[in-house]
Amino acid sequence: MSVLIKGGRVITAADDYVGDVYAEDERITLIGESLDVQADRVIDAAGKYVFPGLVDPHTHLDMPFGGTVTIDDFESGHVSAAFGGTTTHVDFCIQPQGTSFGDALEQWHAKREGKAIIDNGFHMAVTDLRDGGSLEELASLPEQGVTSYKLFMAYKGALMVDDETLFRTMQVAADTGALVMVHAENGDAIDVLVKEALAAGHTEPKYHALTRPPETEGEATNRAIQLARVAGCNLYVVHVSCRESVEPIALAREKGWDVWGETCTQYLFVDCSYLERPDFEGAKYVYTPPPRAKENQEVLWGAVRGDVLSAISTDHCAFLWNGQKTLGRDDFSKIPNGGPGIENRLHMIHEFGVRAGRVSLNRMVELLATNPAKLFGLYPKKGTIAVGSDADLVVFDPERKVTLSAATHHSKVDYNLFEGTEVTGTPEVVLRRGEILMEGDELVAKPGSGRFVRRARFGEELTSRAAAVM
Ligand SMILES: [Zn+2]
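The model shown is predicted, which means the values in this text are computed figures rather than measured ones.

Visitor: Please explain the environment of aspartate 15 as it appears in this structure.
Guide: Of note, aspartate 15 is situated in the loop between strand S1 (2-11) and strand S2 (16-24). Counting along the chain gives 152 residues from aspartate 15 to phenylalanine 167, while the straight-line C-alpha distance between them is 40 Å. Once residues lying within four places of it in the same chain are set aside, the contact partners of aspartate 15 are Val10 and Asn362.

Visitor: Can you help me understand the sheet that holds strand S10 (residues 119-125) in this one?
Guide: Hydrogen bonding along the main chain pairs the strands of a sheet, whether they run parallel or antiparallel. Here we have eight strands laid out as an open sheet, ordered S6-S9-S10-S11-S12-S13-S14-S15, and parallel in their pairing. Edge strands, defined here as strands with exactly one partner in the open sheet, are strand S6 (54-59) and strand S15 (311-313). Pairs of neighbouring strands in the sheet enclose a mean axial angle of 30°, with direction left out of account. In this sheet, strand S12 (residues 179-183) lies alongside strand S11 (residues 148-152) in parallel orientation, the contact comprising five bridges. Paired with leucine 151 across the two strands is valine 182, which belongs to S12. Against the sheet, helix H2 (residues 101-112) touches strand S9 (86-94) and S10, its axis set at about 150° to S10.

Visitor: Got a minute to help me understand the nonpolar core in this structure?
Guide: Looking at soluble globular proteins, one finds that nonpolar side chains tend to be buried together. In terms of nonpolar packing, the biggest core is built from 122 residues, with Phe51, Met124, Met170, Val182, Leu235 and Tyr236 touching the most fellow members. The element best represented in this core is helix H11 (residues 361-375), accounting for seven residues. For methionine 124, the residues in contact, after removing those within four places along its chain, are Cys93, Gln95, Phe101, Ala104, Leu105, Leu141, Val146, Ser148, Tyr149 and Lys150. With 16 residues, the next largest nonpolar core counts Ala23, Ala391, Leu393 and Val429 among its residues.

Visitor: Would you explain the side chain of arginine 112 in this entry?
Guide: Among the secondary structure elements, arginine 112 is positioned in helix H2. Of the side chains with opposite charge, glutamate 113 comes closest to the buried, unpaired arginine 112, at an N-O distance of 4.1 Å. A distance of 2.7 Å separates a polar atom in the side chain of arginine 112 from a polar atom in the side chain of asparagine 120. Setting aside its immediate chain neighbours within four residues, arginine 112 contacts Phe74, Asn120, Phe122, Gly450, Arg451 and Phe452.

Visitor: Got a minute to help me understand the coordination of the zinc ion in this structure?
Guide: Put simply, a metal with four donors set out as a tetrahedron has ideal angles of 109.5 degrees, and one with six donors set out as an octahedron has ideal angles of 90 or 180 degrees. Looking at the metal site, the zinc ion is ligated by His58 (NE2), His60 (NE2) and Asp315 (OD), spaced 2.0 to 2.2 Å from it. In the primary structure, the donors to the zinc ion are separated according to the pattern H-x1-H-x254-D. Residue histidine 58 is found in strand S6, and its partner aspartate 315 is found in the loop between S15 and helix H10 (345-354); the two are separated by 257 residues along the sequence. Relative accessible area serves as the criterion here: at 0%, histidine 58 is assigned to the buried category.

Conventions used here
Residues numbered from 1 in each chain as written. Predicted model: local features only at pLDDT ≥ 70, side-chain atom pairs only at ≥ 80, totals over all residues. Heavy atoms only, no water. Helix = DSSP H or I, 4+ residues; strand = E, 2+ residues; numbered from the N terminus. Contact = heavy atoms within 4.5 Å. Pairing = 2+ DSSP bridges. Axes fitted to C-alpha atoms, helices over the stretch in contact; angles between N-to-C directions. Core = buried A, V, L, I, M, F, W, Y, C linked by side-chain atoms within 4.5 Å. Buried < 20%, exposed > 50% of the residue type's maximum accessible area, 1.4 Å probe, protein only. Lys, Arg positive; Asp, Glu negative; His and termini not counted. Salt bridge = Lys/Arg side-chain N within 4 Å of Asp/Glu carboxyl O. Polar contact = N/O pair within 3.5 Å; in protein donor to acceptor, adjacent residues only side chain to side chain. Donors = N, O, S within 2.8 Å, 3.2 Å for Na, K, Ca; no water.

Structure representation (structure tokens):
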């Protein structure tokens, strides 16, 4: 199967030119001006942008949480991703406490079997180094292409690890070259605040944010940075939501330390007032860290523009409002934490980042595709348009207007965080390894065609860049 994408405006993190892209047998083999080649399929991209397929480094498909399971599995989640231009994601394999890492991985591989449409890798979320996985087993994961370890510093009594587990994992990562990812919030302090709020009869969704103040995120971010320095590992802080955690990351990067961070689409748009929407609508915005005071949004835009934060992910973790979020109708702490977003990252960042003049097209591609690919061992196979790279491509119509809505999105979830938002620009054709996944409004790909990707160890390019700064 060969595909020729003709006359599009090809945009990578570094380049911007009009040309043809030719792919054969899953990979890009030729790029040039007016290529004189035959192809099984020719796509006219005149007037369109051609982006590399986007990489989402942070998603939770088919994940048990709070007595329920996220509503999107690897099929519906992947269809939703494809319609948003995402062709690769890295999902969290969560080690059930008392379970070995091998058994956990086996469970997560089974979830994607026969369902996957886009390509994916797994991070290992370490929850237990005492009765489940051992340090030796943890050290062996990179050989299986699982090259990042995630730790939760919050969710006490469930996923949270203590500092010993965090630090021991960091030491293993320093040896194996894996990247350590942290959910940075002080879970002990939050647990006290939640108990106090409930004892005082405060049960509404807005208390989700009031019991997780931004200082608890700032404290944990700084703690993780300092411990990573002692252990000598590379650190990536997930879902940075506020000034209190942007500042320690900015300081670390200024010093040339091996620290990176991401924010997620929703933190740039949804603020804490959404939690006060009446009739339990506020529960739709219960995710963690919580939506913050609005002034944090410009801090985050500044951080993604200035490379304090290197990526924008979605943290897609979808629960039905009606039937799942409602588990916490009388107790905000029982509302499953998570929000949807895998489909609308490009729509939102293109509209309010690029079109609003906050980031360039190149920087958008870097934040949504190239940097996640580099940080998570996928580059240059994924995350760019180059000869030899996988033919993961998005033909994007920058003129077409769409309205984001639960009525038209492809996730199974019954609401959209950006309901009613009008944007100009949407994917027209999305290809994964040269195969068309979606075209116009039609799904083309078949479940089971997505592949598990064994990721490389933490990228040397970024390590040497950080070293050069020191
Ligand atoms: Zn998450």
